[in-house]
Amino acid sequence: METKSSFECGICYYQSLAEDFTPITVSANFAALECPKCLNNDEDSFAEVDLAMKKAA
């Protein structure tokens, strides 16, 4: 996982750098992402945000 990549949560649509999605719950899989806002840790629901597309918008 690239720490400078930006990701979006598929549940609450929170966007941030990968390092901000570090798991904080005790039972979390530390190899997976976890949203700090809604605690979603379903790896299939996260989408990598293309920074070039984000700047163009």
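Keep in mind that this is a model prediction, so the values were computed, not measured. (Residues numbered from 1 in each chain as written. Predicted model: local features only at pLDDT ≥ 70, side-chain atom pairs only at ≥ 80, totals over all residues. Heavy atoms only, no water.)

Q: Could you clarify how one ought to interpret the overall build of the protein in this entry?
A: Within the protein, the secondary structure is distributed over 1 helix and 3 strands. For the protein, the α and β elements follow one another from N to C terminus as β-β-β-α. Expressed as a percentage of its 57 residues, the buried residues of the protein come to 30%. For the protein, the proportion of contacts with a sequence separation of at least 24, taken over those separated by at least 6, is 36%. Total accessible area on the protein stands at roughly 4,000 Å², and carbon and sulfur atoms take up 53% of it. (Helix = DSSP H or I, 4+ residues; strand = E, 2+ residues; numbered from the N terminus. Buried < 20%, exposed > 50% of the residue type's maximum accessible area, 1.4 Å probe, protein only. Contact = heavy atoms within 4.5 Å. Areas by Shrake-Rupley, 256 points an atom, 1.4 Å probe, with all protein chains shown as cover.)

Q: How should the sheet that holds strand β3 (residues 47–49) be read in this particular structure?
A: Within a beta sheet, neighbouring strands are joined by backbone hydrogen bonds and run either parallel or antiparallel to one another. Taken in spatial order, the 3 strands of this open sheet run β2-β1-β3, and their pairing is antiparallel. A strand with exactly one partner marks an edge of an open sheet, and here the two such strands are β2 (15–17) and β3. Averaged over all pairs of adjacent strands, the angle between their axes in this sheet comes to 40°, without regard to strand direction. In this structure, strand β1 (residues 6–8) lies alongside β2, joined through 3 bridges in antiparallel fashion. The residue of β2 that forms the bridge with phenylalanine 7 is serine 16. (Pairing = 2+ DSSP bridges. Axes fitted to C-alpha atoms, helices over the stretch in contact; angles between N-to-C directions.)

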